[in-house]
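The chain contents come next:
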Amino acid sequence: MWTPLILAVLQGAPAPADSQPAFRPDSAALATAYATAEARELVRQARARRGMIDGSVFRYRAAVRQRLSVGLRALRRDRLLYRRETAAVVDWRRDGPTTVEVLGAREAVPVALPGLRIPDDLEEFVVGMVPRPGGNELVLSISGPGFAWHPLVEGGEAVYRYAIGDSTDIRLPDGRQIRLVELRVTPRERDIRLITGSFWIERDSHAIVQAVFRPSRDFDLERDLRRIDPDDDDADDVPGILKPVRLDVRYMTVEYGLWEMRWWMPRLVLLDGSLQLGPAHFPVSFEITYSDYDVEPDRYGLPELPPVMRKLAGDPTARARPFQHGTIVTVRDSAGLVTSAMLPGSLYDEGASLITESEIRDLGRRLGALPPTPWELERPRFSWPWQARRGLVRYNRVEGLSAGARMDLGLGRAAVDVTARLGTADLEPAAELGVDLPTLRRTWRAAAYHRLAVADPAVNPLGVGNSMNALLFGRDDGSYFRATGAELRVAPAPAESRYELRLFAERQAGVDRNTDFSLPGLFDEGWSFPANIQADPADQLGVAAAVEVNRGLDPGGFRWGVRAEATAETGDFTFVRPGLSARAAFPLGRPLLGAVEVGGGTILGTAGDATIPGEPDGRQPRAPRQSLWYLGGPATVRGFRGAAATGADYVRGRVEVATAFPAARLALFTDAGWAGDADTFRAGAGLLSAGVGASFLDGLLRLDLARALNPERAWRLELYVDALF
């Protein structure tokens, strides 16, 4: 819904009066809409200007380059789901049809299909890359629901406030001076159809020279679809496991360049956002650049012939709207589209490929200066355990069947959530109260809680997979303890670099196994779940941090990643817990890929009062049992249950050889790991396994059959998501 707004800003013209939204600001709105009289006059003059490219432009030619990317941000690494790149030459003329000659075009779906291909809808797609002077689409949602309202719409005072920001002067090589002034726009309410932004306007021509803006809030399918279109019931057709469905547009920017010291012509369009489907986040980016202009002025100043006159003269492209005569798309060399020199060097380049690093830094500075959106109390939303989302239902050997309910309350710039749950086996109420404060680059979260916590998050014991394994197969890989306290978390926006920061103060206590119910137990009276770890009671104050770097988007090329993490705690136990892991995947020659991962960690600290499980009496731990390192499971050593090896120090590694086709791969692997006290390490004492696996969609879904080889021998089948390879 936001792509048309980008095109509208490019076109920069007011809509016809009969198609504008019926904004009728009252006297109170008019009195509070403008911070100063200067802001009022600037908006009036900008509204009066018709068209981003003035009437003196008779014809222009320009080179256009575009890139559209959709990724997937998962727990272990990012993936590129789809990318399209296009290059063309646009020939626009006022008195005839626009011609677009496509010189380069390619698209890829890396997780499913190898290689590059020409887009099927190429001709339809490139039409949207043409900025049309004199268009009437500055206001979008003018004739129906579903679009954003431009801040320069007539009567916009009813929904926006305006203020003058910074100003700057640009001196041209011929000695002339261009004066620019910033118009800051703030919505009166948090409506998905309103934006907050910064618009730089030239004082003399009142043309929009630069615009940076974003929606006043993210789009939520269940909350907003019916509000935009009351007849649209598509939200009801979305499975609950894919909810919530949200679109968060972090920013949009449009910039213009002064061509031949006379015309402001579009130079750059950027969009960056993230689509959320349930627990998955899909970063979305869109880039267009315009360059190499050749502009012809109207030498005689003659007005355009009315559409009726052109129609009578035999012009089949005559339309009722000015400056629009249709678009003719041509492809001269279809065989060379994929390898065109106008396209970037590689389709798998990371980050923005069409703008420079200095432009990215300048954009970040301008984004940080955008006006904040207003506070607003929204209607609370409730989630119940029978709704397939948010992890409100789970099963494990401590809680049994645990069901929860959640309330979300939006406050505009912040959000409050309350979650309560109760397990059928332990009958221990659990609750969490959280406050989220999202910003452009990160989200801050403060929470107070009394909850079941896990000693080894890598096996995701509170997720759907472990719950199903526990109930249906009697396999609960979690190691649990009870935590009561408060925390402050800082996490990046979905499209930002990966890092985590957590400050916490909590009381930790042990929990027992409270149920042995599972499907295998119905057929074997002697069957039971293994006992839970004997967590040490501890009052702890700590900080935990992690940073991860991933490089490489080509599923068949070289990729690598590094993750560093550390936890520092004090209280009943004082220790530091650093860890480091690294991985790489690389081609071995058609049709095989190789992959390797290594990791290790230790605990540095003073001795406690309890002994290490499995060690001789008198050996004292450097940290509570729930803070030791745990090995076992798909994330560390396949073929073993969770917590198969535990200790204050650990090392592990894995090697894998797989077929190269990303949609479906067969793999052979071997894993090895050791955990314990470094003083007691001896060769051959660790965990060792080997097996065969099947990977789908570049590891989004993984099935492994692993054989434990040391110190025990057993088979184990693992089905999980987001594999490293």
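Criteria and cut-off values
- Residues numbered from 1 in each chain as written.
- Predicted model: local features only at pLDDT ≥ 70, side-chain atom pairs only at ≥ 80, totals over all residues.
- Heavy atoms only, no water.
- Helix = DSSP H or I, 4+ residues; strand = E, 2+ residues; numbered from the N terminus.
- Buried < 20%, exposed > 50% of the residue type's maximum accessible area, 1.4 Å probe, protein only.
- Contact = heavy atoms within 4.5 Å.
- Areas by Shrake-Rupley, 256 points an atom, 1.4 Å probe, with all protein chains shown as cover.
- Expected span 1.5 Å × (residues − 1).
- Arc of directions from axis to C-beta.
- Core = buried A, V, L, I, M, F, W, Y, C linked by side-chain atoms within 4.5 Å.
- Pairing = 2+ DSSP bridges.
- Phe/Tyr/Trp six-rings, centres within 6.5 Å; stacked < 30°, edge-to-face > 60°.
- Lys NZ or Arg CZ within 6 Å of the ring centre and 35° of its normal.
- Patch = residues over 30% accessible without salt bridge, like charges linked within 9 Å, V, L, I, M, F, W, Y side chains within 5 Å.
- Salt bridge = Lys/Arg side-chain N within 4 Å of Asp/Glu carboxyl O.

## Details of the overall build of the protein
Step number 1: When helices and strands are tallied, the protein shows eight helices and 32 strands.
Step number 2: A total of 725 residues make up the protein; the buried ones form 51% of that total.
Step number 3: When contacts within the protein are restricted to residue pairs at least 6 apart in sequence, those whose partners lie at least 24 apart make up 62%.
Step number 4: When the accessible surface of the protein is totalled, it reaches about 32,800 Å², and 59% of it is carbon and sulfur.

## Let's talk about helix H3 (residues 37-48)
Step number 1: Compared with an ideal rise of 1.5 Å per residue, which puts twelve residues at 16 Å, H3 spans 17 Å between its outermost C-alpha atoms and is within 8% of the ideal.
Step number 2: Listed in full, the buried residues belonging to H3 are Ala39, Leu42, Val43, Ala46 and Arg47. An end-on view of H3 places all buried positions within 130° of arc, on one side of the element. Opposite the buried face of H3, at more than 90 degrees from it, the exposed residues are Ala37 and Ala48.
Step number 3: Buried residues in H3 make contact with strand S4 (160-171), strand S5 (177-187) and strand S6 (195-202).

## Looking at the nonpolar core
Step number 1: Of all hydrophobic cores here, the largest spans 59 residues; its most connected members are Tyr60, Tyr160, Leu183 and Phe199.
Step number 2: In this structure, Ile603, Leu628, Trp629 and Ala648 belong to the second largest nonpolar core, which totals 20 residues.

## Let's talk about the environment of Ala584
Step number 1: Along the chain, the position of Ala584 falls in strand S23 (residues 575-589).
Step number 2: Ala584 gets classed as buried once you look at its relative accessible area, which sits at 14%.
Step number 3: Spatially, the C-alpha atom of Ala584 lies 9.2 Å from that of Phe725, the residues being 141 residues apart in sequence.
Step number 4: Setting aside anything within four residues of it in sequence, one finds Ala584 in contact with Phe558, Arg559, Trp560, Gly594, Ala595, Val596 and Phe725.

## Notes on helix H8 (residues 464-473)
Step number 1: Taken together, the buried positions of H8 are Asn466, Ser467 and Ala470. Buried positions in H8, seen along its axis, are confined to an arc of 105° and lie on one side of it. In this structure, H8 carries Val464 and Phe473 as exposed residues pointing more than 90 degrees from its buried face.
Step number 2: Among the structural elements, strand S14 (393-396) and strand S19 (480-492) are those in contact with the buried residues of H8.
Step number 3: Positioned one or two residues after H8, Gly474 has a phi angle of 70°, which is positive.

## Considerations on the pairing of S19
Step number 1: Of the strand pairs in this sheet, strand S18 (residues 442-454) and S19 are connected by 13 bridges, and their pairing is antiparallel. The residue of S19 that forms the bridge with Arg445 is Arg489.
Step number 2: Here S19 pairs with strand S20 (residues 498-509) via nine bridges, running antiparallel. Its bridge partner being in S20, Ala483 is matched across the sheet by Gln508.

## Notes on the pairing of strand S3 (residues 98-108)
Step number 1: Taken across its eleven residues, S3 has nine buried, putting it largely inside the fold.
Step number 2: The sheet contact formed by strand S2 (residues 78-93) and S3 spans nine bridges and is antiparallel. Counted as the bridge partner of Ala87 is Gly104 from S3.
Step number 3: Counting the residues in the hairpin turn of S2 and S3 gives four residues.
Step number 4: Sheet topology places S3 next to strand S12 (residues 327-331); five bridges connect them, and they run parallel. Bridge assignment links Thr98 to a residue of S12, and that residue is Thr327.

## Looking at the side chain of Thr98
Step number 1: Along the chain, Thr98 falls in strand S3.
Step number 2: Apart from residues lying up to four places away in sequence, Thr98 is in contact with Val90, Asp91, Trp92, Val130, Gly326, Thr327 and Ile328.

## A look at the packing of aromatic side chains
Step number 1: Within the structure shown, the criterion is met by ten aromatic pairs.
Step number 2: Where Tyr60 meets Trp92, the ring centres are 5.6 Å apart and the plane angle is 20°; that geometry is what we call stacked. With Tyr60 in strand S1 (residues 57-73) and Trp92 in strand S2, this pair connects stretches of sequence that are 32 residues apart.
Step number 3: Residue class for Trp92 comes out buried when judged on its relative accessible area of 1%.
Step number 4: Seen in terms of ring centroids, Tyr60 and Tyr293 are 5.9 Å apart; in terms of plane orientation they differ by 55°. Their pairing is tilted. With Tyr60 in strand S1 and Tyr293 in strand S11 (residues 280-297), this residue pair connects regions lying 233 residues apart in the sequence.
Step number 5: Judged by its relative accessible area of 1%, Tyr60 is buried.
Step number 6: Over the face of the ring belonging to Phe125 we find Arg84, whose NZ or CZ atom lies 4.3 Å from the ring centre.
Step number 7: In this structure, Arg638 packs its charged tip against the face of Phe669, placed 3.8 Å from the ring centre.

## Some thoughts on a nonpolar patch on the surface
Step number 1: On the surface, Leu668, Val692, Phe696, Leu697, Leu701, Leu703, Leu705, Trp715, Leu717, Leu719 and Val721 cluster together into a nonpolar patch covering about 1,000 Å² of accessible area.
Step number 2: For the nonpolar patch, the secondary structure elements donating two or more residues are strand S30 (687-696), strand S31 (701-710) and strand S32 (714-721).
Step number 3: Broken down by element, the residue count for the nonpolar patch peaks at four residues, all from S32.

## Side note on unusual backbone geometry
Step number 1: Pro711 follows Asn710 through a cis peptide bond whose omega is 5°.
Step number 2: Within the secondary structure, Pro711 sits in the loop between S31 and S32.
Step number 3: With phi around 60°, His206 is a residue other than glycine that occupies positive phi space.
Step number 4: Structurally, His206 can be placed in the loop between S6 and strand S7 (208-215).
Step number 5: Judged by relative accessible area, which is 16%, His206 ranks as buried.

## Let's talk about the environment of Ala280
Step number 1: Turning to its location among the elements, Ala280 is positioned in strand S11.
Step number 2: Sequence separation between Ala280 and Leu72 is 208 residues, and the spatial gap between their C-alpha atoms is 7.3 Å.
Step number 3: Every residue in contact with Ala280, bar those within four places of it in the chain, is listed here: Leu72 and Leu275.

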